[in-house]
Amino acid sequence: MVGLASWQDVSTLPKPVVVARDLSLGDLRMKAYQHVDLELSANKAHAICAQDKSGKSELLLTFAGLMKPSSGSCHVFGQDVSRVAGRRNVRKQASLAFFEHVNDVERVLRVRTIASAELGLAGKPSNRAATMAFLTAWDLGDYADSTVESLSRYDYDRLGIALAMAHDPALLLVDDIERDLTEHESIKLCHLLCSLAAQQNITVVCGVLDYDLASRFDTASCITDEARAQQAAWSRKHVKDVA
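Treat the numbers as computed from the prediction; the structure is a model and nothing was measured.

On to helix α2 (residues 84-91), then. Note: α-helices contain 3.6 residues per turn, so residues at a spacing of three or four share the same orientation. Taken together, the buried positions of α2 are G86, R87 and V90. One side of α2 holds all its buried residues, which, seen down the axis, span an arc of 95°. Of the surrounding elements, those touching the buried residues of α2 are α1 (56-63), β4 (71-76), β5 (79-80) and β6 (94-96).

Below you can see the structure in the form of structure tokens.
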């Protein structure tokens, strides 16, 4: 007989937001990610760890419903992203921070101009007062009249996250929070993303290069042998530190 304290109705357990099985993207000319298996739960901040140009960005774009995998299976919010309808439905719930060559903004535009346009796209008030209130809420109000090209990399990344959040997504995808940043700045962005997941009840997936940074997220998934080697080295070091 199963005691009540140890029994839990599995039908009430939260389902993973992302489920990938033997997922690959590539052909004879190009290989992005290969044989990815993972499950990402809701309302957590997840790191996807891999070295540069190893399919990390493409995997995030697949989760966003913007790229079609070439083999394997992937379901996001229960939607099959190998199908056109599935990708379309996922795009309604997912939002991207800045991805290079995907949703770059004109560097000569002012922050306020870009924020106003994004709020309009999100169906929200986008007049001067509303835009300033939005930027101030994200601690970006002091940069309202600055051009994008004048922002530090750290503030540029924060702006990308803020603009993505203007759409109230259920899934936030963030790429590369290490480039041109200090370790401290990368860690601050990690803390921001973890806080968003916990406080806004959203799922965050972020691509990172360094497993030490990945380990600071709620979960970390390594999608290449190099990343798994990093993970093993990190584990050995921390076992020694504990000992």
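Don't stop here, the text continues.
Turning next to the sheet that holds strand β3 (residues 45-49). Each strand in a sheet pairs with another by means of backbone hydrogen bonds, the pair being arranged parallel or else antiparallel. Pairing within the open sheet is parallel, and its five strands lie in the order β6-β7-β8-β3-β9. Looking at strand neighbours, the two that pair on one side only are β6 and β9 (219-222), the edges of this open sheet. The sheet shows a mean angle of 20° between the axes of neighbouring strands, taken without regard to direction. In terms of strand pairing, β3 meets strand β8 (residues 203-208) through five bridges, oriented parallel. Pairing of A45 across the sheet is with V204, part of β8. Here α1 sits on the sheet in contact with β3, β6, β7 (171-175) and β8, set at roughly 165° to β7.

What follows concerns the pairing of β7. Burial analysis of β7 places five of its five residues in the buried class, which makes it a mostly covered element. Of the two faces of β7, the one lined by L171, L173 and D175 and the one lined by L172 and V174 are each fully buried. Relative to β7, β6 is paired through three bridges, and the arrangement is parallel. For L96, the partnering residue across the bridge sits in β7 and is L173. In this sheet, β8 lies alongside β7 in parallel orientation, the contact comprising five bridges.

Turning our attention to the nonpolar core. Among the nonpolar cores identified, the biggest contains 47 residues, and F134, I161, L172, I177, L193, V208 and F217 are the most heavily contacted of them. Only β3, α3 (111-121), α4 (128-137), α5 (153-165), β7, α6 (183-200), β8 and α7 (211-214) provide two or more residues apiece to this core. Per-element tally for this core: the top contributor is α5, with eight residues. In contact with F217, other than residues within four places in its own chain, are A45, H46, A47, I177, C190, L193, C194, C206 and V208. In this structure, L38, I48, A50 and L60 belong to the second largest nonpolar core, which totals 28 residues.

Okay, the pattern of salt bridges next. What the rule picks out here adds up to nine salt bridges. Among the salt bridges present, the one from D80 reaches R83, with a minimum N-O distance of 3.6 Å. Classification of D80 by relative accessible area gives partly exposed; the value is 21%. The shortest N-O distance in the salt bridge between D157 and R153 comes to 3.2 Å. Residue D157 and its partner R153 are located together in helix α5, separated by four residues, close to a single helical turn. The exposure class of D157 is buried, given its relative accessible area of 9%. Classification of R153 by relative accessible area gives partly exposed; the value is 24%. One continuous salt-bridge network, built from bridges that share partners, spans E100, D176 and R179.

Parameters at a glance
Residues numbered from 1 in each chain as written. Predicted model: local features only at pLDDT ≥ 70, side-chain atom pairs only at ≥ 80, totals over all residues. Heavy atoms only, no water. Buried < 20%, exposed > 50% of the residue type's maximum accessible area, 1.4 Å probe, protein only. Helix = DSSP H or I, 4+ residues; strand = E, 2+ residues; numbered from the N terminus. Arc of directions from axis to C-beta. Contact = heavy atoms within 4.5 Å. Pairing = 2+ DSSP bridges. Axes fitted to C-alpha atoms, helices over the stretch in contact; angles between N-to-C directions. Core = buried A, V, L, I, M, F, W, Y, C linked by side-chain atoms within 4.5 Å. Salt bridge = Lys/Arg side-chain N within 4 Å of Asp/Glu carboxyl O.

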